[in-house]
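Inside the fold
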Amino acid sequence: MEATLKKIFAVVTDPYTSIVQWKEQSQKKVVGCMPMHLPEELVHAAGLQPVIFWRSNESITLGHSHVYSFNCGLTRSIVDDAVKGKLTFLDGMIFYDICLQGRELPFLINRNARPAFLEVMFIPGMVVGPVYKDFFMENLERLKTSLEGFSGQKITDDALKKSIGLYNKHRDLLRDLYDLRRKNPGILKTREMVAIVQSGMLMPKEEHCQLLETLLNDLKQRKALPDKKPRVVLVGCLCQTPHFDILDLIEEEGAVVVDDDIYVGSRYLARDVELDGNPIEALAKRYLRRIPPCPTKVDWVT
Ligand code: SF4
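Residues numbered from 1 in each chain as written. Predicted model: local features only at pLDDT ≥ 70, side-chain atom pairs only at ≥ 80, totals over all residues. Heavy atoms only, no water.

1. Observations concerning the domain arrangement of the protein chain
To keep it simple, the criterion reads: All domain edges in this entry derive from an automatic or database-based domain assignment. Here, residues are in contact when the closest pair of their heavy atoms is within 4.5 Å. Summed over both partners, the accessible area lost on bringing two parts together, with a 1.4 Å probe, is the buried area. Salt bridges are defined as contacts in which a side-chain nitrogen from Lys or Arg sits within 4 Å of a carboxyl oxygen from Asp or Glu.
Here the protein chain is described as being made up of domain 1 (15-159) and domain 2 (166-269). In this structure, domain 1 and domain 2 have C-alpha centres spaced 25 Å apart. Taken together, the contact between domain 1 and domain 2 spans 17 residues of the former and 20 residues of the latter. Summed over both sides, the interface of domain 1 with domain 2 buries roughly 1600 Å², with 56% coming from carbon and sulfur. Taken together, the connections running from domain 1 to domain 2 amount to two salt bridges.

Next up, the structure:
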């Protein structure tokens, strides 16, 4: 149990080293993906390794020549890392129009630190109505063609469904962990749960599924905290990982986090992709589902 958690914290505290080591072992190309809505399954089905961009713990310095200091921590960190040459191990990067700050990124990266593969995707901000599904599917097809060109590997429906199945399994295992925490408050510290989810965004899903299975088994040895502490649900909707020190404060003040509604948390594992029918349409449908609602999407109904 402790060895598994140690491995997880090593990945999230130094993704740079972990990803390079993994890349050397697998000889696969690695593609950085903008949170929160890019369909990683498509990248995986092309024989590439998707990793979700993370926020560095380093102070932003050079990056402030290119982005405003009031930009969010994630966009400033990506640009800062890129212009410092810390992301050269990424063979590709995919961005999309998540928000105005996110929209700046491909232009800045293209000019200052262009990787071998740089793709910009358009994901509809509106999520109500068939026209947006068609628009999204067109863009998914475009990304698919682009990934095939870069990887030299055709993305067949079967390959894509296999990747979707793996990602569904991964979400399922994470959901089991969340259920366990709801029923056994304190069985995992908040920083542990967040680190587990974030490591899943950085590691190959095949390997992370094995880690989750080990964890679920080992957690049978851990005890829940006495059922007297105030129960807290962690809420927010940032693309980035909350600072662990702040998460620790919640527990030091005597509360116990039993659930969350954050991206590096339950939002990452919400909603599976259907395995029947056209897999591109299934990916679009997952995004267009309106629960949980997301402030980066416009939904005038929910
Ligand atoms: S949605 Fe928010 S956190 Fe995400 S990139 Fe845009 S400004 Fe940053």
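Once you've had a look at it, read on.
2. Quick word on helix α1 (residues 2-13)
The test is simple: Runs of E in the DSSP output that reach at least two residues are strands. Runs of H or I that reach at least four are helices, and both are numbered from the N terminus. Take the number of residues in a helix, subtract one, and multiply by 1.5 Å to get its expected span. Note on classification: 1.4 Å probe, protein chains only; a residue is buried when its accessible area is under 20% of the maximum for its type, exposed when over 50%, partly exposed between these limits. Note that the arc is defined by the directions from the helix axis to the C-beta atoms.
Taking 1.5 Å per residue, twelve residues should reach 16 Å; α1 reaches 16 Å between its end C-alpha atoms and fits that length. Within α1 the residues assigned to the buried category are Thr4, Leu5, Ile8, Phe9, Val11 and Val12. Projected onto a plane normal to the axis of α1, the buried residues spread over an arc of 155° and lie on a single side. Away from its buried face, by an angle of more than 90 degrees, α1 presents the exposed residues Glu2, Ala3 and Lys6.

3. Some remarks on the nonpolar core
Applicable threshold: Note on terminology: a nonpolar core comprises buried Ala, Val, Leu, Ile, Met, Phe, Trp, Tyr and Cys residues joined through side-chain atoms within 4.5 Å.
Counting residues in each nonpolar core, the largest one holds 94 residues, and the members touching the most others are Met34, Leu42, Leu87, Phe95, Leu147 and Ile196. Of the residues that make up this core, three or more belong to each of domain 1 (15-159) and domain 2 (166-269). When neighbours within four sequence positions are excluded, leucine 87 is seen to be in contact with Tyr16, Phe53, Trp54, Ile78, Asp81, Ala82 and Met93.

4. A short note on the side chain of glutamine 240
This is how the line gets drawn: Polar contact is the term for a pair of N or O atoms within 3.5 Å; when the atoms are in protein, one must be able to donate a hydrogen and the other to accept it, and sequence-neighboring residues count only if both atoms are side-chain atoms.
Structurally, glutamine 240 is set in the loop between β5 (231-235) and α10 (244-252). A distance of 2.7 Å separates the side chain of glutamine 240 from the backbone nitrogen of leucine 74, its partner in a polar contact. Those residues within four positions of glutamine 240 in sequence are excluded, and the remaining contacts are Arg55, Gly73, Leu74 and Val264.

5. Observations concerning the sheet that holds strand β4 (residues 117-121)
As a reminder of what qualifies: Two strands form a pair only when DSSP identifies at least two bridges running between them. To define axes, lines are fitted to C-alpha atoms, for helices over the stretch in contact only, and angles between the resulting N-to-C directions are given on a 0 to 180 degree scale.
Read across the open sheet, the four strands follow the order β2-β1-β3-β4; overall the sheet is parallel. A single partner strand is all that each edge strand has here, and the edge strands are β2 (49-52) and β4. Looking at each pair of strands side by side, their axes are set apart by 20° on average, direction ignored. Pairing of strand β1 (residues 30-33) with strand β3 (residues 92-96), which is carried by three bridges, proceeds in the parallel orientation. Residue pairing in the sheet places glycine 32 in a bridge with methionine 93 of β3.

6. A short note on the site of the ligand
Heads up, the condition is: Proximity is defined per residue: any heavy atom of the residue falling within 4 Å of a molecule or strand makes that residue near it. Classification convention: Asp, Glu, Lys, Arg as charged; Ala, Val, Leu, Ile, Met, Phe, Trp, Tyr, Cys, Pro as nonpolar; all other residues, Gly among them, as polar.
In the vicinity of the ligand, the contacting residues are Met34, Cys72, Thr75, Cys99, Gln101, Cys239 and Thr296. Of the residues in the shell around the ligand, the class split is four nonpolar, three polar and no charged.

7. Regarding the pattern of salt bridges
Under the defined criterion, the tally for this structure stands at 25 salt bridges. Aspartate 91 is the partner of lysine 23 in a salt bridge, and the nearest nitrogen-oxygen pair spans 3.0 Å. Separated by 68 residues along the polypeptide, lysine 23 in helix α2 (residues 15-26) and aspartate 91 in the loop between α4 (73-83) and β3 bring together distant segments of the chain. On the basis of relative accessible area, lysine 23 is assigned to the partly exposed category, the value being 21%. Between aspartate 272 and arginine 171 there is a salt bridge, with its nearest N and O atoms 3.1 Å apart. Note that aspartate 272 is positioned in the loop between α11 (263-269) and α12 (279-288) and arginine 171 in helix α7 (residues 157-183), a separation of 101 residues in sequence. Note on aspartate 272: relative accessible area 25%, which makes it partly exposed. The class of arginine 171 is buried, set by a relative accessible area of 6%. Within this structure, Glu41, Arg171, Asp172, Arg175 and Asp272 form a network of salt bridges that share partners.

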